[in-house]
Amino acid sequence: ARTLQQRISSSFGGRTPQPVEKFFAALAGEVPNSEAVAAILDEPSPIQCVTQDVSLLAFLGAFDEAIARAGECLDDGDPYALQLNMIPELDPVRDDPRFRAILARMNLPVEDA
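Numbers given to residues run from 1 along each chain, matching the order in which its sequence is written. Residue-level local features of this predicted model are given only where pLDDT is at least 70; pairs of side-chain atoms are given and counted only at 80 or more, and the full residue set underlies all totals for whole chains, interfaces and linings. No hydrogens and no water enter the side-chain calculation; it runs on all heavy atoms of the structure.

Peer 1: Break down a nonpolar patch on the surface for me, with residues and values.
Peer 2: Put simply, a patch holds well-exposed residues, over 30% relative accessible area, that have no salt bridge, with like charges counted together within 9 Å and Val, Leu, Ile, Met, Phe, Trp or Tyr side chains within 5 Å. Under the convention used here, a 1.4 Å probe and the Shrake-Rupley method define accessible areas, while residue burial counts only the protein chains that appear. Each reported salt bridge corresponds to a side-chain nitrogen of Lys or Arg within 4 Å of a carboxyl oxygen of Asp or Glu. Residues Phe24, Leu27 and Phe59 make up a contiguous nonpolar surface patch of about 290 Å² in total accessible area. Strands are runs of DSSP state E lasting at least 2 residues, helices are runs of H or I lasting at least 4, and numbering of each runs from the N terminus. Summarising the element assignment, Leu27 is placed in helix 2 (residues 17-27). Taking relative accessible area as the criterion, Leu27 reaches 44% and is therefore assigned partly exposed. Buried means the residue's accessible area, taken with a 1.4 Å probe over protein chains only, is under 20% of the maximum for its type, while exposed means over 50%, and partly exposed covers the values in between.

Peer 1: Any chance you could break down the side chain of Arg94 for me, citing the residues and the numbers?
Peer 2: Secondary-structure assignment places Arg94 in the loop between helix 5 (63-75) and helix 6 (97-105). Arg94 gets classed as buried once you look at its relative accessible area, which sits at 18%. N or O atoms closer than or at 3.5 Å make up a polar contact, with two conditions inside protein: a donor-capable atom paired with an acceptor-capable one, and, for residues adjacent in sequence, both atoms drawn from side chains. In this structure the side chain of Arg94 is engaged in a polar contact, spanning 2.9 Å, whose partner is the side chain of Asp91. Excluding anything up to four places from it in sequence, Arg94 contacts Leu84, Asn85, Met86, Ile87, Pro88, Phe99 and Arg100. By definition, residues are in contact when any of their heavy atoms lie within 4.5 Å.

Peer 1: Please set out the environment of Gln52 residue by residue, giving values where relevant.
Peer 2: Inspection of the secondary structure puts Gln52 in helix 4 (residues 50-59). In this structure Gln52 comes out as partly exposed when scored by relative accessible area, which is 27%. It is 9.4 Å that separates the C-alpha atoms of Gln52 and Ile87, two residues lying 35 residues apart in sequence.

Peer 1: Got a sec to walk through the packing of helix 5 against helix 6? Specific residues and values, please.
Peer 2: To obtain each axis, a line is fitted to C-alpha atoms, and for helices this fit is confined to the stretch in contact; angles are then taken between N-to-C directions over 0 to 180 degrees. Running from N to C, helix 5 and helix 6 cross one another at 15°; their axes reach a closest spacing of 10 Å. The angle between helix 5 and helix 6 places the two elements in the roughly parallel class. Like other packed secondary-structure pairs, helix 5 and helix 6 cross with a definite hand, here left-handed. Touching Asp64, Ile67, Ala70, Gly71, Leu74 and Asp75 of helix 5 are Arg98, Phe99, Ile102 and Arg105, all from helix 6. For the contact of helix 5 with helix 6, the per-class residue count stands at 5 nonpolar, 1 polar and 4 charged. The labels follow the angle: roughly parallel below 35 degrees, roughly antiparallel above 145, roughly perpendicular from 65 to 115, and oblique for the rest. Crossings are classed by handedness, with left-handed meaning an anticlockwise turn of the near helix from the far one by less than a right angle and right-handed meaning a clockwise turn. Ten residues, namely Ala, Val, Leu, Ile, Met, Phe, Trp, Tyr, Cys and Pro, are considered nonpolar, four, namely Asp, Glu, Lys and Arg, are considered charged, and the remaining ones, Gly among them, are considered polar.

Structure below.
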């Protein structure tokens, strides 16, 4: 039987437990958000995790890091990059010119700010 930690890690694209644990610890207020952000950014992401990183970083309020990682999604050919336009955690940055440029590079609709 798989442990809860293994199930959580597998739902996060097979990541090692460190970033996943830090993310949930930050949500619980046990560690600062910056510690969880560092854990996410410090671990190389398998290609399927990069878009998920964007969502996690934005959820933690690390919008600059989320936008940078979104650019990496596109540069690295992440097949899930098209989902960037649908991640609700990115709503606060939809008007950011850097994010709008990423959407435009994918020929996704960019609404007027």
